[in-house]
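Overview (structure and organization)
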Amino acid sequence: MKLPTAAAPLFAAVLATAQCTRPAEAPGGAGAAGAEPQFKTVATNDQVMDAIIIPNAQSIWDAVVYVDGKLVTAPKTDDDWYNLQMNAYAVAEAGNLLKIGARVKDNEDWVTFSTALTDRSMEAVRAAEKKDLQALLEAGGNVYNVCTDCHRKYVQADPNAADPPVPTVPGSN
Ligand code: HEC
């Protein structure tokens, strides 16, 4: 068992070199390990919509319902609000998923809409945190507008794309 002891100083030297030559961490970015790990994207935009964005956004929109100006559905328990907050986090992070790999359609409006999806969903996160019904309704509407803005540019405008079903209008079902 000579090798480990003999190799140890060498290994330490390599580590020290690696630490010295590692580039400075990007602001707000690269995390504890330094370099970003490689992404392995597996879902299409359609599948990210179906798997993550649609069900979680729908939960936000279904949480507050008025019929004829009368509130008929609203979150009640701490669990209700917590679950809503998690729904909103899921949509917020999905904005990042849209900005990875083959899902990226361009580096301009696509990125703007994807970032807006994250930002508007974070308004819903904060509304759920504060258990603020009105803020949640507003945030839900703002999220909805990002969906339709992006679809107007990238789905409806594409004659080869299937016309996506318009999501249920928030609070109207
Ligand atoms: C950054 C752009 C973008 C945003 C934001 C976005 N979508 Fe999409 N969505 C797309 C594209 C592109 C497609 C079509 C994908 C395809 O056909 O390959 C799509 C497809 C869909 C479809 C059709 C899915 C199917 O099974 O055919 C639905 C429904 C949908 N999106 C809902 C939503 C909802 C709800 C939101 C907001 C909470 C949203 N999308 C936000 C770009 C976006």
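1. Some points on the overall build of the protein chain
- Helix and strand counts for the protein chain come out as 5 helices and 2 strands.
- Walking the protein chain from its N terminus toward its C terminus, one meets helices and strands in the order α-α-β-β-α-α-α.
- A burial count over the protein chain gives 21% of its 173 residues as buried.
- Sequence-distant contacts in the protein chain: of pairs separated by 6 or more residues, those separated by 24 or more amount to 64%.

2. Some points on the pairing of strand 2 (residues 70-73)
- Alignment of strand 1 (residues 65-67) against strand 2, held across 3 bridges, turns out to be antiparallel. Counterpart to Val67 in the pairing with strand 2 is Lys70.
- The turn linking strand 1 back onto strand 2 is made up of 2 residues, and Asp68 within it adopts a positive phi angle of 50°.

3. Details of the confidence of the model for the protein chain
- Summarising the model, the protein chain shows a mean pLDDT of 82, and 71% of its residues fall at 70 or more.
- Throughout residues 1-27 the model reports pLDDT below 50, and contacts reaching past four residues in sequence, or to other chains, amount to 3 contacts.

4. Topic: helix 4 (residues 109-130)
- The end-to-end C-alpha distance of helix 4 is 31 Å, a good match for the 32 Å that 22 residues give at a rise of 1.5 Å each.
- Listed in full, the buried residues belonging to helix 4 are Phe113, Ser114, Leu117, Arg120, Ser121, Ala124, Val125, Ala127 and Ala128. For helix 4, the angular spread of the buried residues around the axis is 165°, confining them to a single face.
- Considering only its buried residues, helix 4 is in contact with helix 2 (45-63), helix 3 (78-97) and helix 5 (133-156).
- With its phi angle positive at about 55°, Lys131 sits one or two positions after the end of helix 4.

5. Some words on the nonpolar core
- By size, the foremost hydrophobic cluster in this structure holds 27 residues, and its most contacted members are Ile60, Ala88, Val91, Ala124, Ala128, Leu136 and Val143.
- When residues of this core are traced back to their parent elements, those giving at least two are helix 2, helix 3, helix 4 and helix 5.
- A per-element tally of this core places helix 5 first, with 8 residues.
- When near neighbours in sequence (up to four residues on either side) are disregarded, Leu136 contacts Ala63, Val64, Ala124, Ala127 and Ala128.

6. Points about the packing of helix 2 against helix 3
- Closest axis-to-axis distance for the helix 2/helix 3 pair is 9 Å, and the angle between their directions is 145°. Between helix 2 and helix 3 lies a crossing of left-handed hand. Note on element contacts: helix 3 touches helix 2 through Leu84, Asn87, Ala88, Ala90, Val91, Ala94 and Leu97, opposite Val48, Ile52, Ile53, Asn56, Ala57, Ser59, Ile60 and Ala63.
- Taken together, the residues that form the contact of helix 2 with helix 3 break down as 12 nonpolar, 3 polar and no charged.

7. Quick word on the packing of helix 3 against helix 4
- Packing of helix 3 against helix 4 brings their axes to within 7 Å, and their N-to-C directions diverge by 165°. If you check the angle between helix 3 and helix 4, you find them roughly antiparallel. The two elements helix 3 and helix 4 cross, and the hand of that crossing is left-handed. When helix 3 is examined against helix 4, the residues Trp81, Leu84, Gln85, Ala88, Tyr89, Val91, Ala92, Ala94, Gly95 and Asn96 are found in contact with a partner set consisting of Ser114, Thr115, Leu117, Thr118, Ser121, Met122, Ala124, Val125, Ala128 and Glu129.
- For the contact of helix 3 with helix 4, the residue count by class is 12 nonpolar, 7 polar and 1 charged.

Criteria and thresholds
Residues numbered from 1 in each chain as written. Predicted model: local features only at pLDDT ≥ 70, side-chain atom pairs only at ≥ 80, totals over all residues. Helix = DSSP H or I, 4+ residues; strand = E, 2+ residues; numbered from the N terminus. Buried ≥ 20, exposed ≤ 12 C-beta atoms within 10 Å, placed from the backbone. Contact = placed C-beta atoms within 7 Å. Pairing = 2+ DSSP bridges. pLDDT = per-residue confidence, 0-100. Expected span 1.5 Å × (residues − 1). Arc of directions from axis to C-beta. Core = buried A, V, L, I, M, F, W, Y, C linked by C-beta atoms within 7 Å. Axes fitted to C-alpha atoms, helices over the stretch in contact; angles between N-to-C directions. Left-handed = near helix turned anticlockwise from the far one by under 90°. Nonpolar A, V, L, I, M, F, W, Y, C, P; charged D, E, K, R; others polar. Parallel < 35°, antiparallel > 145°, perpendicular 65-115°, else oblique.

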